[in-house]
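# Structural description and commentary
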Amino acid sequence: MADASLYNGQPTGTGSSCPSARLISCTPSIPCDVRNGVSVENALIEKRQWFVLRVSYGRIIKAKSFVEAKNLECYVPMRHKQIMKHGKKLIITEPLLPSFLFVYATRSQIGVLLCDCSNNTTDKKALLSFYYDHTSFREDAPEKNPPLTVSDSAMDNFIRLTSIKNPHIIPITSENIKYKLDDEVVITGGEFVGVHGRVARIAGQQRVVVELFDGCLVATAYIPKDMMSLLEM
């Protein structure tokens, strides 16, 4: 059985946490420019974002190791799945979304990463590639879609949910969702406290669905009505 702590809870790679890693605010230590006394922190720098990268089939662990070797932070959500073996219930871990790797970096860092990835591959199939945002277009090239990025707040919520070791957290598709009044809620009690999403009925149970991006939906376990509160918009 894989150790989920290697994947869930906080991105890995640099040894320092980003705001989305542990759901707390964190400012890395940055030295000042001795020549003029101005902190580099105040200089105009590229902003780090959560990029969604597509992983070639069956190579999510290799992709994670590759990104970490480049000193970049990444996140692989794991699923805690209940199985029966020799008449006993066991909890195993497996990638929740085996086709995606979430990397916290600048656009330039991602470009270098993908270039290095292409140069080091031993076959024709790229280990990593951009996953594009098909809901918007690039201003400099209207006929093309930009790489998909996820906001820090959305990633915080997703990490909060997928870090919980509950076998009833499942990936779902929009086809098998029946939303209940389409209510946006925040969970106020139990192990899922603080997670927000939309109330839905799945497999005969009332759950909360978190949609990270189009086509990426994850459902909580059963949530009682008294443990939900309408989210103020």
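Scroll up for the structure.
Described in the following lines is the structure provided in the data block. No experiment lies behind these values; they were computed from the predicted model shown. (Residues numbered from 1 in each chain as written. Predicted model: local features only at pLDDT ≥ 70, side-chain atom pairs only at ≥ 80, totals over all residues. Heavy atoms only, no water.)

Next up on the list: unusual backbone geometry. Although it is not a glycine, H86 adopts a positive phi angle of roughly 55°. Checked against the element boundaries, H86 lands in the loop between β3 (78-85) and β4 (88-95). On the basis of relative accessibility, which here comes to 77%, the residue H86 falls in the exposed class. Its identity as a non-glycine residue notwithstanding, A203 has a phi of 55°, on the positive side. The topology assignment puts A203 in the loop between β10 (196-202) and β11 (205-213). Using a relative accessible area of 69% as the deciding quantity, one classes A203 as exposed. (Helix = DSSP H or I, 4+ residues; strand = E, 2+ residues; numbered from the N terminus. Buried < 20%, exposed > 50% of the residue type's maximum accessible area, 1.4 Å probe, protein only.)

Note that β3 and β4 share eight bridges and pair antiparallel. Counted as the bridge partner of K85 is K88 from β4. Between β3 and β4, which follow one another and run antiparallel, lie two residues, and H86 among them has a positive phi close to 55°. (Pairing = 2+ DSSP bridges.)

Moving on: empty space enclosed by the protein. Scanning all chains against the criterion turns up one cavity of 30 Å³ or more. By volume, the largest cavity amounts to about 30 Å³. Around the largest cavity, the lining residues are M78, R79, H80, L96, I164, N166 and I169. Considering only residue class, the lining of the largest cavity consists of four nonpolar, two polar and one charged. (1 Å grid on protein atoms, 1.4 Å probe; cavity = no way out; pocket = protein on both sides within 12 Å on 5 of 7 lines; lining within 4 Å. Points joined across faces, edges and corners; volume = space filled by probe spheres on them. Nonpolar A, V, L, I, M, F, W, Y, C, P; charged D, E, K, R; others polar.)

Okay, the pattern of salt bridges next. Side chains bearing opposite charge may pair, as long as their charged atoms lie close to each other. Taken as a whole, this structure holds four salt bridges when the rule is applied. Close ionic contact of E73 with R48 constitutes a salt bridge, the shortest N to O distance being 2.6 Å. Taken together, the residues E73 in strand β2 (residues 73-75) and R48 in the segment before β1 (49-55) connect sequence positions 25 residues apart. Of the residues examined, E73 reaches a relative accessible area of 1% and is grouped as buried. With a relative accessible area of 29%, R48 lands in the partly exposed category. Notably, a salt bridge pairs K64 with E68, separated by 2.6 Å at the nearest N-O pair. Residue K64 and its partner E68 are located together in helix α1 (residues 60-69), separated by four residues, close to a single helical turn. (Salt bridge = Lys/Arg side-chain N within 4 Å of Asp/Glu carboxyl O.)

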